[in-house]
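Secondary and tertiary structure notes
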Amino acid sequence: MLKFLRIVGSFLIALVLGGSLSSAWAAFPEKPIKIIIGFPAGGPLDAHMRLLSDKLQAVLGQPVIIDYKAGAGGAVGAQSVMQSPPDGYTLLLANTGTMVINPAIYTKSPYDTLKDFQPIARTAQQPLALIVNKDVSANTLKEFVTYAKANPGKLNYGSAGNGGISHLVPEMLKSETGIFMVHIPFKGSAPAFTDLIAGHVQFMAESVPQAANYAKQGKVKALAVTSAKRNPALPNTPTVIETGIANLEVVGFYGILAPKGTPPEVTNKLSGAFKETLESPEIQKRMIEQGADPAYLNADQFTKYLAAEMPRWAKAVKQAGAKLD
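Before going into details, it helps to say that this report is about the structure given with it. Since the model is a prediction, treat every value here as computed from it, not as a measurement.

Here we come to the packing of aromatic side chains. On inspection of all chains with the given rule, the structure shows six aromatic pairs. Ring geometry for phenylalanine 193 and tyrosine 214: centres 4.5 Å apart, planes at 20 degrees, overall stacked. With phenylalanine 193 in helix α8 (residues 189-198) and tyrosine 214 in helix α9 (residues 208-216), the pair connects residues that are 21 residues apart, well separated along the chain. With respect to burial, phenylalanine 193 and tyrosine 214 carry one shared label: buried. Seen from their ring centres, phenylalanine 253 and phenylalanine 302 are 6.5 Å apart, and the 90 degrees between their planes marks the pair as edge-to-face.

Shown next as structure tokens:
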């Protein structure tokens, strides 16, 4: 009888504790939420988050603070979030490079995306634009490849950092066409664009929203986009495949991750908040105009998507011969 009472007592305590833990997260969030970006202010991830932040704050009922921890192709910011308490108050806004290319391109990656993080939501998909300094004597991708072959070793390409998609795509183009360019990594897209416009680097592969903005101002020339179809933000710019120069189709993505161990109640609440934000007609309209696709996936869907993307990008890294210590 005594043993039975102990079992019943333990069961009741577990129920009470379980209820207490659930109710503890029922009021989430109760303070501001910090979103870490592993690149400097002024880049495409920054612009994406600023587009979402007002609506997201209204949905969550708490301020959303953007914090920048640049370095190592987004790895510095990722590590910062990985080491944060798993309570939903510190999140990572990351791109394709940080999530799935870095683990493949670095021989000793400081994190494992699926083991060290809890995916929350995919927020966007977008192709890249292949762009050149306005003074480069090439107006099409075919002309640029011809120009690069005539000037081996004299052309530099900038990227947002070692290991990112803006590093890998030019390497894929080099592999496809046989051209040679020197890689100059920067700590984010914003400083890379500054040097592209100044002519210190001649070529970049960058997200369409950012590239289209500079192309429309006449500061750079857009030669091609890496999607299967032309992009609304650059309607007169052909796809790489259209040019016949290379068989290159690449679409990057953005997403939100939390530290591993974040409670399911918090994960689901945050994922739902991003869903509601991305369903806003005004936000969808602005994203599409800028060249991005509002491509929401919930936590479970995003986890499966990342698991499928990682081997695909590992193969692309191997084929391009891009590897970093």
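Before going further, it helps to spend a moment on the pattern of salt bridges. Per the counting criterion, the structure on display carries eight salt bridges. Among the salt bridges present, the one from arginine 50 reaches aspartate 46, with a minimum N-O distance of 2.9 Å. Placement of the pair is arginine 50 and aspartate 46 together in helix α2 (residues 44-60), with a separation of four residues, close to one helical turn. With a relative accessible area of 49%, arginine 50 lands in the partly exposed category. For aspartate 46, a relative accessible area of 6% corresponds to the buried category. Note that aspartate 135 and lysine 134 form a salt bridge whose closest N and O atoms lie 3.6 Å from each other. Overall, lysine 134 belongs to the partly exposed group, its relative accessible area being 43%.

Before going further, it helps to spend a moment on the side chain of glutamate 171. With respect to the secondary-structure elements, glutamate 171 resides in helix α7 (residues 165-177). Apart from residues lying up to four places away in sequence, glutamate 171 is in contact with Tyr157, Ala320 and Ala322.

Moving on to the environment of arginine 50. Arginine 50 sits 155 residues away from alanine 205 along the chain, and the two C-alpha atoms are 22 Å apart. Setting aside anything within four residues of it in sequence, one finds arginine 50 in contact with Ile66 and Tyr68. Within the local environment of arginine 50, its side chain forms a polar contact with the side chain of aspartate 46, the two groups lying 2.9 Å apart.

For the pair α2 and helix α11 (residues 264-278), interaxial distance at closest approach is 9 Å and the crossing angle is 130 degrees. In terms of orientation, α2 and α11 fall into the oblique class. For α2 against α11, the interelement crossing comes out right-handed. Taking contact as the criterion, the partners of Leu52, Lys55, Leu56, Val59 and Leu60 in α2 are, on α11, Leu270, Ala273, Phe274, Glu276, Thr277 and Leu278. For the contact of α2 with α11, the class distribution of residues is eight nonpolar, one polar and two charged.

Here is what the cut-offs are and how they apply
Residues numbered from 1 in each chain as written. Predicted model: local features only at pLDDT ≥ 70, side-chain atom pairs only at ≥ 80, totals over all residues. Heavy atoms only, no water. Phe/Tyr/Trp six-rings, centres within 6.5 Å; stacked < 30°, edge-to-face > 60°. Helix = DSSP H or I, 4+ residues; strand = E, 2+ residues; numbered from the N terminus. Buried < 20%, exposed > 50% of the residue type's maximum accessible area, 1.4 Å probe, protein only. Salt bridge = Lys/Arg side-chain N within 4 Å of Asp/Glu carboxyl O. Contact = heavy atoms within 4.5 Å. Polar contact = N/O pair within 3.5 Å; in protein donor to acceptor, adjacent residues only side chain to side chain. Axes fitted to C-alpha atoms, helices over the stretch in contact; angles between N-to-C directions. Parallel < 35°, antiparallel > 145°, perpendicular 65-115°, else oblique. Left-handed = near helix turned anticlockwise from the far one by under 90°. Nonpolar A, V, L, I, M, F, W, Y, C, P; charged D, E, K, R; others polar.

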